[in-house]
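Each chain, written out:
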Amino acid sequence: MSRHFSSRIRLSLVALVPAAAMLAATAHADNLWIERPSAPKVQMPSLAPLVKDVEPAVLSIYVESHVSPQIDPNDPNLRFFRQFGLNLEVPNFKQQGMGSGFLISPDGYALTNHHVVENAEKIQVRVDGRPELLSATVVGDDPRTDIALIKLDGNRHDWPAIPLGDSDALAVGDFVVAIGNPFGLSQSVS
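Residues numbered from 1 in each chain as written. Predicted model: local features only at pLDDT ≥ 70, side-chain atom pairs only at ≥ 80, totals over all residues. Heavy atoms only, no water.

### A look at the overall build of the chain
- Looking only at helices and strands, the chain has four helices and eight strands in total.
- When its helices and strands are written in sequence order, the chain yields α-α-β-α-β-β-α-β-β-β-β-β.
- For the chain, the residues scored as buried account for 18% of the 190 residues in total.
- When the accessible area of the chain is evaluated, it comes to approximately 14,400 Å², of which 58% is carbon and sulfur surface. (Helix = DSSP H or I, 4+ residues; strand = E, 2+ residues; numbered from the N terminus. Buried < 20%, exposed > 50% of the residue type's maximum accessible area, 1.4 Å probe, protein only. Areas by Shrake-Rupley, 256 points an atom, 1.4 Å probe, with all protein chains shown as cover.)

### Things to note about a nonpolar patch on the surface
- A surface patch of nonpolar side chains, about 520 Å² in accessible area, is lined by Val 42, Met 44, Leu 47, Leu 50 and Phe 175.
- In this structure, Leu 50 sits in helix α2 (residues 48-54). (Patch = residues over 30% accessible without salt bridge, like charges linked within 9 Å, V, L, I, M, F, W, Y side chains within 5 Å. Salt bridge = Lys/Arg side-chain N within 4 Å of Asp/Glu carboxyl O.)

### Structural notes on the environment of Pro 91
- By secondary structure assignment, the location of Pro 91 is in the loop between α3 (76-82) and β2 (93-103).
- According to the relative accessible area criterion, Pro 91 is exposed, its value standing at 59%.
- In the structure, Pro 91 is positioned 23 residues away from Ser 68 in sequence and 7.0 Å away in space, judged by C-alpha atoms.

### Considering the nonpolar core
- Core analysis: the biggest nonpolar cluster contains 18 residues, and Leu 59, Ile 61, Leu 103 and Val 125 have the highest contact counts within it.
- When contributions to this core are tallied by element, the ones reaching two or more residues are β1 (58-67), α4 (114-117), β4 (122-127) and β6 (147-152). (Core = buried A, V, L, I, M, F, W, Y, C linked by side-chain atoms within 4.5 Å.)

### Examining the pairing of β1
- Sheet topology places β1 next to β2; 10 bridges connect them, and they run antiparallel. Directly across from His 66, in β2, lies its bridge partner Lys 94.
- Pairing analysis gives six bridges linking β1 to β4, with the strands arranged antiparallel. For Ser 60, the partnering residue across the bridge sits in β4 and is Arg 126. (Pairing = 2+ DSSP bridges.)

### Quick notes on the layout of surface pockets
- Taken as a whole, the largest pocket encloses approximately 700 Å³ of empty space.
- Taken together, 23 residues line the largest pocket, and the ones lying closest to its centre are Phe 102, Ile 162, Val 177, Ala 178 and Ile 179.
- Mapped onto the lining of the largest pocket, the elements with two or more residues apiece are α2, β2 and β3 (109-112).
- In terms of residue count, the dominant contributor to the lining of the largest pocket is β2 (three residues).
- Residue classes in the lining of the largest pocket are distributed as 15 nonpolar, six polar and two charged. (1 Å grid on protein atoms, 1.4 Å probe; cavity = no way out; pocket = protein on both sides within 12 Å on 5 of 7 lines; lining within 4 Å. Points joined across faces, edges and corners; volume = space filled by probe spheres on them. Nonpolar A, V, L, I, M, F, W, Y, C, P; charged D, E, K, R; others polar.)

### A closer look at the pairing of β2
- Bridging between β2 and β3 involves three bridges; their strand directions are antiparallel. Looking at β3, one finds that Leu 103 is bridged to Ala 110.
- In textbook terms, the turn of a hairpin is the stretch between consecutive antiparallel strands, and for β2 and β3 this stretch comprises five residues, one of which, Gly 108, has a positive phi near 100 degrees.

### Some details on the sheet that holds strand β5 (residues 134-142)
- Sheet architecture is closed into a barrel: six strands sit in the order β1-β2-β3-β6-β5-β4, paired in antiparallel fashion. Neighbour-to-neighbour, the strand axes of the sheet open up by a mean angle of 40 degrees, direction not taken into account.
- Two strands pair when backbone bridges link them, and β3 and β6 are joined in this way by four bridges, in the antiparallel orientation. The partner of Ala 110 across the bridge, within β6, is Ile 150. (Axes fitted to C-alpha atoms, helices over the stretch in contact; angles between N-to-C directions.)

### A few points about the packing of aromatic side chains
- Scanning the entire structure with this criterion turns up zero aromatic pairs.
- Lying over the aromatic face of Tyr 109, Lys 151 brings its terminal NZ or CZ to 5.5 Å of the ring centre. (Phe/Tyr/Trp six-rings, centres within 6.5 Å; stacked < 30°, edge-to-face > 60°. Lys NZ or Arg CZ within 6 Å of the ring centre and 35° of its normal.)

### So, the confidence of the model for the chain
- Per-residue confidence for the chain gives a mean pLDDT of 80, with 81% of residues at or over 70.
- Element-level pLDDT for the chain is lowest in helix α1 (residues 3-27), with a mean of 51, against a maximum mean of 97 in β6.
- The model gives residues 5-14 a pLDDT under 50, and that stretch makes two contacts with residues more than four places away or in other chains. (pLDDT = per-residue confidence, 0-100. Contact = heavy atoms within 4.5 Å.)

Here you go:
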């Protein structure tokens, strides 16, 4: 064993002996850690009741559309194939997407983002995590503000709805909550 290596072992053992002695002394104690006092020093407001109240009105939205790829006629790859008399056609393909929204009226009107339902040919909605998918249609949208209003199909008039608030009544530092189903994750809250 080299002299340098053996001195490292001695230093390591010197460091371990006090640590082992401390652990042995603590093992005989009743508690290995300190307990939190029964009452916290700072009371934080809980947003859990709010989340529980609005969760039934949060939607998972699934959309399908057919997309026609934009082809540049001057693309050098296309020119290569055309020189052999091949005219390549790029077919339309089905695109699927998902997003979140929330019901704003018991009649089945809901708000979502414009980009979620833009060009959608088929919209299906899952309400409150239930397994069945319901059809919906776009009633109106505004690309500039990225807002869309959709209507769940059917004659049901008892959907759980969230009342709209007044954003002018908010101030910097107020609590706000974002609830949704991003990427299919059910009831994400931030």
